[in-house]
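Notes for the structure review
Take a look at the letters that make up each chain.
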Amino acid sequence: MGSNEICKTIVWFRRDLRIEDNPALSAAARDGSVFAVFIWCPKEEQQFYPGRVSRWWLKQSLIQLGQSLKSLGVDLVFMKAQTTVSALIECVSAIGATKVVYNQLYDPVSLVRDHNIKQKLGELGIPVQTYNADLLFEPWEVYNDDGYAFTNFNAYWDKCLNMQKDPIIRLPPSRLLQATGSVENCTIDKLGLEDDSEKPSNALLGRAWSPGWINADIALIAFVENHLLDYANNRKTVTGNTTSILSPYIHFGEISVRKIFHSVTMKQILWTKEENHDGEKSVDCFLRSIGLREYSRYICFNFPFTHEKSLLSNLKHFPWQANQTHFKAWRQGRTGYPLVDAGMREIWATGWLHNKIRVITASFLVKCLLLPWQWGMKYFWDTLLDADLESDILGWQYISGGLPDGHEIQRLDSPEVQGFKFDPEGEYIRQWLPELARMPTEWIHHPWNAPPAVLQAAGVELGLNYPNPIIDIEIARDRLASAIQLMYEKESATRQENCEGTSEVVVDNCGPEELPIPKVFLRKNKPCPSSSSNDQKVPSMHKETFVPDNNERKRSRPSNGQKPEEYNLHDCKSGSEFTETDDDLCSTAVSSSASKKQATGTSNFCSPFLIK
Ligand SMILES: Cc1cc2nc3c(=O)[nH]c(=O)nc-3n(C[C@H](O)[C@H](O)[C@H](O)COP(=O)(O)OP(=O)(O)OC[C@H]3O[C@@H](n4cnc5c(N)ncnc54)[C@H](O)[C@@H]3O)c2cc1C
């Protein structure tokens, strides 16, 4: 391009719905004219098509982003497409674009799609540049001293905090120059984010929530000024605004985590000077929460199978009980355990749950009902306002015993005991279970033990207007113990079988190996023609040096004490998936795509919603 010619850049918005500290938008604005586009392609979302409340939030946020961009001088163009890549190509040719830019995403579905899009655009000679708008630390920046991925949050977060990285926040562009061209666009209503039947329920959401990046900023300031100081003490209280309630904004990129980090760190500096130890502790605690979100991306990037399989291989043999009646009772908040039921009613009514209640309801599904954690994960995904694949995966793996530093599979907490701990006055129960509103606090978390006269006075008829417990907690404990016993037996039988050489051993997290977790390391990427130092990296495999043929892939179990082999993300997939051109590009995307194929088949991710 001659020096007089202006660069025309397509800015592809996804979950970065803000103008402040948006690196892709800033880069495009610096280079010349901008064509801002949001592409909605339901087919590509597959089993993780967002639920009603999440789509409602997205729609409101897009409206606000469109208004902000308009005030800066450009339109936000909406396109409903069969494939995102075809829509992007249409944009490029319509405006004669010289470049496509976007901010990176790390969930398994986006990794596959973005990788394919980048490859396709690269083949067509369209330069693509990607940026980090979502994280403090890119997943490929944080490895242990031996170059392996962390599988323990504390070690990971310590390493992050010791990296001494100063997050840079970009100011919003003061004005934008419109790149012109005509594409097959549509109105936001025609995108289909909200259908007519959903509008009455969604109208209620508007009373409680104010999506959009401007409101995200307001929410951050309100939290930092009013609630951050007591965050460490109050975040365990399940009623009232004790936490930031920023998660839906953060999920859609309406606020930059760098800005959050900056705001709370400023407070920490102030409180340290004032020797306000509560304040300092609260900031550490809050930053750990932000760290957990970073870690969720880290885990998904390095172990892209985690939306289907646990990180620890133990759960492979767990005898899940696919009981639809129990699953329905859990969803409807009719388990007979008030704390669980209140949580399930709240999520249904508002799309929101406090972290503690997420842990309690999720643990109940897995440990008391022995239902597959993936069912619960999909239900949360469908119903949460802040539904976020990586955080959802991390949360469910954490409670179900799939993580080395999560709850142990043996641990079963009684909702009755948890109730008195986190909702001592029963306020939360009364708010969400009107049928128990008149129960005295003493009995509110275990109405089945209440004397008949108390029940009668409270208007509670167990089995009629409020259910009896779906399962006795001691029976649940025994069932869980038997299930774990069976899991160990099956695991050792499989191991025995392998020792006798009756089945092959393939490097995979679900393989019958002694290694509990595969070790992942980062290989240096060969730069792709359009890539820069900003670009999304992938743990990659170089065929000529690394990909063994299918026979070599099979390996014998390491003997005790032997150092485990390094695990490359792609080792668990068939070698035939890689071609010469995949070299640098073959990535988490490839392995995710392979596991996704499984998911639509007979894999353990067999959500009843999909069967319906
Ligand atoms: C089973 C289960 C499922 C979950 N599903 C989701 C989900 O779909 N989307 C989601 O955003 N969070 C999820 N979480 C994490 C957590 O419950 C929410 O992020 C948090 O409750 C949101 O409230 P807040 O914004 O007030 O959080 P705060 O306590 O104010 O924390 C600030 C931010 O840190 C992040 N964060 C806090 N805790 C966690 C955590 N445990 N894991 C990851 N990030 C965290 C969130 O972005 C949050 O907004 C899940 C947790 C569990 C146990």
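Refer to the structure presented above.
Residue positions within a chain follow its written sequence, with the count starting from 1. Since the coordinates come from a predicted model, pLDDT governs what is reported: local features require at least 70, and pairs of side-chain atoms require 80 or more to be given and counted, while whole-chain, interface and lining totals use all residues. Each side-chain value is worked out from all heavy atoms of the structure, with water and hydrogens disregarded.

Below, the discussion takes up the packing of helix H15 (residues 355–368) against helix H16 (residues 373–383). At a minimum axis separation of 9 Å, H15 and H16 run at an interaxial angle of 145°. Between H15 and H16 lies a crossing of right-handed hand. Only Trp373, Gly376 and Phe380 of H16 make contact with H15, whose side of the interface consists of Arg358, Thr361, Leu365 and Val366. Nonpolar residues are Ala, Val, Leu, Ile, Met, Phe, Trp, Tyr, Cys and Pro. Charged residues are Asp, Glu, Lys and Arg, and all others, Gly as well, are polar. Broken down by class, the residue content of the contact of H15 with H16 amounts to four nonpolar, two polar and one charged. Structural elements are reduced to axes, namely lines fitted to C-alpha atoms, with helices fitted over the stretch in contact, and the angle between N-to-C directions of any two is expressed from 0 to 180 degrees. Elements are defined by DSSP. Helices are runs of H or I of four residues or more, strands are runs of E of two residues or more, and each kind is numbered from the N terminus. We call a crossing left-handed when the near helix sits turned anticlockwise from the far one by less than a right angle, and right-handed when that turn is clockwise. Contacts are residue-level and defined by heavy atoms, with any inter-residue pair within 4.5 Å sufficient.

As a further point, take the pattern of salt bridges. Between side chains of opposite charge, a pair can form as their charged atoms come close. Just to be clear on terms, a salt bridge is a Lys or Arg side-chain nitrogen sitting within 4 Å of an Asp or Glu carboxyl oxygen. As enumerated under the stated definition, the model contains 25 salt bridges in all. One salt bridge in this structure joins aspartate 31 and lysine 99, with 2.6 Å as the shortest N-O distance. Linking aspartate 31 in helix H1 (residues 23–31) with lysine 99 in strand E4 (residues 99–103), this pair joins segments that are 68 residues apart in sequence. For aspartate 217, the salt bridge goes to lysine 259, with nearest N and O atoms at 3.0 Å. On the criterion of sequence distance, the pair formed by aspartate 217 in helix H8 (residues 213–226) and lysine 259 in helix H11 (residues 257–273) is long-range, its members being 42 residues apart. One exposure class covers both aspartate 217 and lysine 259, and it is buried. Here the salt bridges do not stand alone but share partners, grouping Asp134, Arg293, Arg297, Asp388 and Glu390 into one network. Throughout, exposure labels follow a simple rule: accessible area from a 1.4 Å probe, protein chains only, divided by the maximum for the residue type, with under 20% read as buried, over 50% as exposed, and the rest as partly exposed.

On to the packing of helix H14 (residues 338–350) against H16, then. Interhelical geometry of H14 versus H16 gives an angle of 40° and a closest axis separation of 9 Å. Regarding the angle of H14 to H16, the classification is oblique. Across from Met344, Ile347 and Trp348 in H14, the residues of H16 making contact are Tyr379, Phe380 and Thr383. Comment on the angle field: the value is read as roughly parallel under 35 degrees, roughly antiparallel over 145, roughly perpendicular from 65 to 115, and oblique elsewhere.

Attention now moves to the pairing of strand E5 (residues 128–131). Within a regular beta strand, the side chains point alternately toward one face of the sheet and then the other, so they alternate between its two faces. Side chains Val128 and Thr130 project from E5 onto one buried face, and the interleaved Gln129 and Tyr131 project onto a second face that is buried too. The pairing criterion is simple: DSSP has to find at least two bridges between the two strands. Across four bridges, the pairing between E4 and E5 is parallel. Bridge pairing in E5 links valine 100 to valine 128.

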